[in-house]
Amino acid sequence: TAILTIAPAPATHFSVAAASPQTAGGAFSVTVTALDASNATVTGYTGTVHFTSSDGLAVLPGDYTFNGADAGVHVFSATLNTAGARTVTVTDAAGRTTNRTYSLTIGFGKWSPANGSKLPNTTTTVALTWYPHAGASGYRWCAAASISKS
């Protein structure tokens, strides 16, 4: 009798998923799944992934080496800080898979005097008016903003 050993298929690409839209300056989850040519999860993938983004102000995870407990899937945290259409790209650091890019829309963050830095690399002019929020005991800011890149 002959013994037939079937080796699992190697990872050829990644699935990169995140909810869209996101808010500039807010952390969100990015799920990376190692896939083979038939789009099946490669549960034994132990390669190292690297992140890049079209947002030059992004806060991305450092390189990460998958381990057996990941079973080919790992969730990361990322923060994109520039509003508009942005991408997050995941590559295998050893070049064994093709790159995968995930596109998402980033909206402006909430602005206040305390967190004005939510709008990085911008010059912001804001006129603020107080008004009582109907049915609430507190007040809300009503803001009109003109935003342009500096």
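Here the residue numbers are simple positions, counted from 1 along each chain's written sequence. Local features are withheld for residues below a pLDDT of 70 in this predicted model, meaning they are given only at 70 or higher, and side-chain atom pairs are given and counted only at 80 or more; totals for whole chains, interfaces and linings count all residues. Excluded from the side-chain calculations are hydrogens and water; all other atoms, namely the structure's heavy atoms, are used.

### Concerning the sheet that holds strand β1 (residues 13–17)
- The strand order across the open sheet built from three strands is β1-β3-β6, with neighbouring strands paired in antiparallel fashion. Looking at which strands have only one partner, the edges of the open sheet turn out to be β1 and β6 (73–79). For this sheet, the mean angle separating the axes of adjacent strands, direction not counted, is 30 degrees.
- Note on pairing: DSSP must find at least two bridges between two strands before they are called paired. Strands are runs of DSSP state E lasting at least two residues, helices are runs of H or I lasting at least four, and both sets are numbered from the N terminus onward. Sheet topology note: the β1/strand β3 (residues 27–35) ladder contains five bridges and is antiparallel. Fitted lines through C-alpha atoms give the axes, limited to the stretch in contact for helices. The angle between two N-to-C directions lies from 0 to 180 degrees.

### Some remarks on the confidence of the model for the chain
- Taken over all residues, the pLDDT of the chain has a mean of 74, while the share at 70 or more is 64%.
- Each residue gets a pLDDT score, which is the predictor's confidence in that residue and runs from 0 to 100. Any two residues having at least one pair of non-hydrogen atoms within 4.5 Å are treated as being in contact. Here residues 111–150 is modelled with pLDDT under 50, and outside its nearest four sequence neighbours on either side it reaches 57 contacts, counting other chains as well.

### What about the environment of V32?
- Relative to the elements of secondary structure, V32 occurs in strand β3.
- Residue classification places V32 among the buried residues on the basis of a relative accessible area of 0%.
- Once the C-alpha coordinates of V32 and V90 are considered, the two residues, 58 residues apart in sequence, prove to be 8.0 Å apart.
- In this structure, V32 is in contact with F14, S15, F51, F66, G72, V73, H74, F76 and V90, ignoring residues within four places of it in sequence. The classification of residues rests on relative accessible area computed with a 1.4 Å probe and restricted to protein chains. Under 20% of the type maximum is buried, over 50% is exposed, and intermediate values are partly exposed.

### Some remarks on the packing of aromatic side chains
- Put simply, two rings from Phe, Tyr or Trp (the six-membered ring, in Trp's case) pair if the centres are within 6.5 Å, and we call them stacked under 30 degrees between planes, edge-to-face over 60, tilted for the rest. Scanning all chains against the criterion turns up six aromatic pairs.
- An angle of 80 degrees between the planes, with centres 5.7 Å apart, marks the rings of F14 and Y45 as edge-to-face. Here Y45 lies in the loop between β3 and β4 (48–53) and F14 lies in strand β1, a separation of 31 residues in the sequence.
- Assessed through its relative accessible area of 2%, F14 is described here as buried.
- Since its relative accessible area comes to 6%, Y45 is described here as buried.
- On the basis of an interplanar angle of 70 degrees and a centroid distance of 5.2 Å, the ring pair of Y45 and F66 is categorised as edge-to-face. On the criterion of sequence distance, the pair formed by Y45 in the loop between β3 and β4 and F66 in the loop between β5 (64–65) and β6 is long-range, its members being 21 residues apart.
- F66 sits in the buried class, given a relative accessible area of 2%.
- Through a chain of ring-to-ring contacts, three or more aromatic side chains come together here, namely F14, Y45, F51, Y64, F66 and F76.

### Here we look at the nonpolar core
- Nonpolar core, defined: a set of buried Ala, Val, Leu, Ile, Met, Phe, Trp, Tyr and Cys residues in which side-chain atoms within 4.5 Å join the residues together. Core analysis: the largest hydrophobic core is formed by 18 residues, its most contacted members being F14, V30, V32, Y45, V49, F51 and V90.
- At the level of secondary structure, the elements contributing two or more residues to this core comprise β1, β3, β4, β6 and β7 (84–92).
- Sort the elements by how many residues they give to this core and β3 lands first, with four residues.
- In contact with Y45, other than residues within four places in its own chain, are A11, F14, A34, F66, N67, D92 and R96.

### Comments concerning unusual backbone geometry
- One non-glycine residue, N39, lies in positive phi territory at about 65 degrees.
- For N39, the position within the fold is in the loop between β3 and β4.
- Exposure remark for N39: the relative accessible area of 51% places this residue in the exposed category.
- One non-glycine residue, A71, adopts positive backbone phi at about 55 degrees.
- Relative to the helices and strands, A71 is located in the loop between β5 and β6.

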